[in-house]
Amino acid sequence: MTFKKRFVLIGALFVVGYAAMLLISWGIVEEVRIGGATYEQVVTDKDVIADVLPPPRFMIEPYLLCYEIATTDNAMDRGPMIMELKASFEMYDERGAYWAERIDDPKLRKLLLETSAGPVREFQEIVENEFLPALKGEGDWEPLDVITSRLEPLFSAHKAAVKQTVAVAEQRIRSNEQNARDAVERGRLLAIIVAGAFGVLLLGAGLWTGRAILARMRRINTRVRELAEADANLAARLDMERGDEVGELAGWFDRFLEKIAGLVKAVQRSSVQLTSTATQMAATSHEQEATINRFGASTTQIAAATKEISATGVELMQTMGEVGDVARESADVATAGRESLSGMQTSMGTLADSSASISTKLSVINEKAADIGVVVTTITKVADQTNLLSVNAAIEAEKAGEYGKGFLVVAREIRRLADQTAGATLDIEQTVGEMQSAVSAGVMEMDKFTEQVRSSVDRVRQVSGQLGRIIEQVEVLTTRFDLVREGMTSQSEGAMQINDAMGSLSDSVRQTTESLGEFTSVAESLKDAMQGLKGELSAFRLEE
Amino acid sequence: MLALLIHAGSDRYVIDAHGIVEVVPSVPLRAVPSAPVALAGMLEYRGQTIPVVDLCRLLGGAPCRARLTSRITVCDLDTKGQLAAQGPSAGRRIGVLAEGVTRLVEVDPDAAGAVDGPTTADVPALGRLVPFEDGLVQLVRVKDLIPDTLYAELTSGNAAASETPS
């Protein structure tokens, strides 16, 4: 039940109770007022007694007794009657003293105690002095004569005075009744006015107090509801004067709000710092991810280049095998040529054919050698590119600082392998150059030889020598080919090593990327959490 | 200190790796008429035109031979250690053309036996002599290879181009 309803209930109870009191007192006044039921009862009872009893202050009874005494025949009855007459006289005087004490009104007092009492005193004297002696037969008068001539005028005068007294008394009663009625009416009016004024005052005081309390409570209520539901403005204050308990409550509430506002402000500052830290973390991890991705790309490039080197090496080995076969074949042919020199005369024609065949084979060797030159150039270029890549990778690794340390080692390894490749290709280049010049010389010699065979058998010995040299060269060539093969094998092994290194590098790059991804997601979730906290905090306003 | 080992004439030199942006193959350069002989020409490097100094010509006399290992080292003049990915107009840059650019090596400029190299007015870029592998290598201070005034003249177009967008 709200305070407002309670206040209204108290007011209503008070009004009902007050109205009941008013009604009860109204009823009591109505019961006992002049002219009311009680009054009428009392007056009626008094009237009954007054009607039944003989009036002591009216001389009718003594007067009648006098008649009775005078007219009775039995003298024995006169004694009690005279006693009764004297008793009525005493009663008259007694009542006179009684009323003399009570009546203030001068007019009534004069009528009752003087005007009507004068003839009575004279009546009493005449009874004592003339009537009672007349009964005994003393005096000049008969008793009845005393009554008619002496007492009757006095009774008449007394009767007139009594009637006057009664009239005056009745007039006084009427005026008194009127006064009483007026007093009751005034009293009622005054009671209604006082009750009304008191009720209005009470209502005003109640409304004033209730309104003051309710208005302040409503302000506090509104403020708290604002904080709880809509605009959580922590800066606004109630600022009520601390006159009463509600004001004190508002004051403490304001101090509580100040504490909360301070707390929220501190949390907001911390959340801003945390957010910027989280953003920095996320940015840094993104940067690192980008760097790692570049490493990964470089690794892929290097792996591809290594595979190319490996494939080229295999191709080169095949070519070298073919060249070796050819060389051995030509050696065989040359040997056969030298053997057949002994039977030169007969086999000159055959020799000429064989030399032509050698010429052809040599030109084939020349072509193959040229092919080798092309392949070697390609390998050299690849080795050069690998070297350049490794140098730049090392520079980048240096710049990457702590993260690039491992990669720096790998880059150095790559460079060394590229240098080995370059060295091997240099050897091949040199060998092939020598082979080419040798073959060229052989061809020329063969041409000359063929001419000389055709022109002169004497130069067969010379040719034989030339052939011997050719064989020697081819043998040299064969050993050189073996060297080249070894070089190629080591290059292939090197390429495999690079491949392995690239594999492990790729794994570590992937692991790094994964852990960076986790780190990024942690940083992002931290950022999200901070954003959430900021959102919650933004519900509180700290400034107007 | 990680440094790039280079050859010029018959001698070896090193460049501090921190200032290096990238090593690129030697390509034909745009010649600059009436320029000092050591200026090999202008190189287009990732949208930026930078001068290239022929170190062989500057130090040894003959121009660098056309070899696969004769390469151009792109260096930052102002800021050190910037990543190449941070943009082509990151700052003033210079190319150094030298022979035998194949290795990154660790040298210690403050090692025992290192001395300040003999300086000449002609070549103020030469720094300390440092013992390295059976011999001496000399540090090359890249930022002293070209006088600032000459650099400004050569790259005035760059400055104008970079100011226009803003």
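Going by the structure above, here's the rest.
Residues numbered from 1 in each chain as written. Chains lettered and ligands numbered in written order. Predicted model: local features only at pLDDT ≥ 70, side-chain atom pairs only at ≥ 80, totals over all residues. Heavy atoms only, no water.

Asker: Lay out the overall build of chain B with the relevant residues and their values.
Answerer: Within chain B, the secondary structure is distributed over three helices and ten strands. Each helix and strand of chain B, ordered N terminal to C terminal, gives the series β-β-β-β-β-α-β-β-β-β-β-α-α. Per-residue burial over chain B gives 45% buried out of 166 residues. Sequence separation of at least 24 residues holds for 59% of the intrachain contacts in chain B that already meet a minimum separation of 6. When the accessible area of chain B is evaluated, it comes to approximately 8,100 Å², of which 54% is carbon and sulfur surface. (Helix = DSSP H or I, 4+ residues; strand = E, 2+ residues; numbered from the N terminus. Buried < 20%, exposed > 50% of the residue type's maximum accessible area, 1.4 Å probe, protein only. Contact = heavy atoms within 4.5 Å. Areas by Shrake-Rupley, 256 points an atom, 1.4 Å probe, with all protein chains shown as cover.)

Asker: Quick rundown of the pairing of strand β6 (residues 71–76) of chain B? Include the residues and the values.
Answerer: All names here are of chain B. The buried count for β6 comes to six of six residues, which makes it a mostly enclosed element. Burial along β6 is two-sided: Arg71, Thr73 and Cys75 facing one way and Ile72, Val74 and Asp76 facing the other are all buried. When strand β3 (residues 20–25) meets β6, the two strands line up antiparallel, connected through five bridges. Bridge pairing in β6 links Glu22 to Val74. Both β6 and strand β7 (residues 93–106) contribute to a ladder of six bridges, which runs antiparallel. Within the sheet, the bridge partner assigned to Arg71 lies in β7 and is Ala98. (Pairing = 2+ DSSP bridges.)

Asker: Let's hear about the packing of helix α3 (residues 60–71) of chain A against helix α6 (residues 117–135) of chain A: which residues, and what values?
Answerer: Packed helices, taken two at a time, are described by the angle their axes make and the gap between the axes. All names here are of chain A. Where α3 contacts α6, the axes come no closer than 12 Å and their chain directions differ by 5 degrees. In terms of axis orientation, α3 runs roughly parallel to α6. Contacts between α3 and α6 involve Pro62, Tyr63, Cys66, Ile69 and Ala70 on the former and, on the latter, Phe123, Val127, Phe131 and Leu135. Each residue belonging to the contact of α3 with α6 can be placed in one class, and the counts come to nine nonpolar, no polar and no charged. (Axes fitted to C-alpha atoms, helices over the stretch in contact; angles between N-to-C directions. Parallel < 35°, antiparallel > 145°, perpendicular 65-115°, else oblique. Nonpolar A, V, L, I, M, F, W, Y, C, P; charged D, E, K, R; others polar.)

Asker: Can you explain the packing of helix α5 (residues 106–115) of chain A against α6 of chain A? Please cite residues and give values.
Answerer: Residues and elements named next belong to chain A. Packing of α5 against α6 leaves a shortest axis separation of 5 Å and a crossing angle of 10 degrees. The angle between α5 and α6 places the two elements in the roughly parallel class. Taking contact as the criterion, the partners of Leu112, Leu113, Glu114 and Thr115 in α5 are, on α6, Ala117, Gly118 and Pro119. Considered class by class, the residues forming the contact of α5 with α6 number four nonpolar, two polar and one charged.

Asker: Account for the interface of chain B and chain A, with residues named and values stated.
Answerer: Tallying the contact residues gives 23 residues for chain B and 16 residues for chain A. Carbon and sulfur atoms supply 58% of the area buried between chain B and chain A, which totals about 1,700 Å² over both sides. For the chain B face of the interface with chain A, the top three residues by lost area are Leu68, Arg71 and Leu104 of chain B, together amounting to 31%. At the junction of chain B with chain A, the criterion picks out two salt bridges. Between Arg412 of chain A and Glu106 of chain B there is a salt bridge, and its shortest N-O distance comes to 3.9 Å. (Buried area = accessible area lost by both parts, 1.4 Å probe. Salt bridge = Lys/Arg side-chain N within 4 Å of Asp/Glu carboxyl O.)

Asker: Explain the layout of surface pockets residue by residue, including any values.
Answerer: Residue and element names in this part refer to chain A. Space inside the largest pocket adds up to approximately 1,800 Å³. Every residue lining the largest pocket is counted, 39 residues in all, and those nearest its centre are Ala50, Arg95, Trp99, Ala169 and Ile173. Put simply, the parts of the chain that give the lining of the largest pocket at least two residues each are α2 (37–52), α3, α4 (78–102), α5 and α7 (143–228). Here the element with the most residues in the lining of the largest pocket is α7; it accounts for ten residues. Classifying every residue of the lining of the largest pocket gives 22 nonpolar, four polar and 13 charged. (1 Å grid on protein atoms, 1.4 Å probe; cavity = no way out; pocket = protein on both sides within 12 Å on 5 of 7 lines; lining within 4 Å. Points joined across faces, edges and corners; volume = space filled by probe spheres on them.)

Asker: Tell me what's going on with the packing of aromatic side chains, and back it up with residues and numbers.
Answerer: Under the criterion given, the structure shown has nine aromatic pairs over all chains. Their ring planes at 40 degrees and their centres at 6.2 Å tell us that Tyr18 of chain A and Phe198 of chain A sit as a pair that is tilted. Of this pair, Tyr18 of chain A sits in helix α1 (residues 3–32) while Phe198 of chain A sits in helix α7, and the two are 180 residues apart along the sequence. Judged by relative accessible area, Tyr18 of chain A falls into the partly exposed class, the value being 28%. Here Tyr98 of chain A and Trp99 of chain A contribute two aromatic rings whose centre-to-centre distance is 5.1 Å and whose plane-to-plane angle is 75 degrees, an arrangement assigned as edge-to-face. In this structure Trp99 of chain A comes out as partly exposed when scored by relative accessible area, which is 31%. Seen from the ring of Tyr92 of chain A, Arg57 of chain A lies directly overhead, with NZ or CZ sitting 3.9 Å from the centre. When the ring centre of Tyr151 of chain B is taken as reference, the NZ or CZ atom of Arg92 of chain B above it lies at 5.2 Å. (Phe/Tyr/Trp six-rings, centres within 6.5 Å; stacked < 30°, edge-to-face > 60°. Lys NZ or Arg CZ within 6 Å of the ring centre and 35° of its normal.)

Asker: Describe the pattern of salt bridges, with residues and values.
Answerer: Inspection of the entire model under this criterion finds 25 salt bridges over all chains. The shortest N-O distance in the salt bridge between Glu434 of chain A and Arg480 of chain A comes to 2.3 Å. In this pair, Glu434 of chain A is assigned in helix α10 (residues 405–455) and Arg480 of chain A in helix α11 (residues 460–538), connecting sequence segments 46 residues apart. Taking the relative accessible area as the measure of exposure, Glu434 of chain A reaches 36% and is therefore partly exposed. Between Asp148 of chain B and Arg92 of chain B there is a salt bridge, with the nearest N and O atoms lying 3.8 Å from each other. Here Asp148 of chain B is found in helix α2 (residues 148–154), whereas its partner Arg92 of chain B is found in the loop between β6 and β7, with 56 residues between them in sequence.

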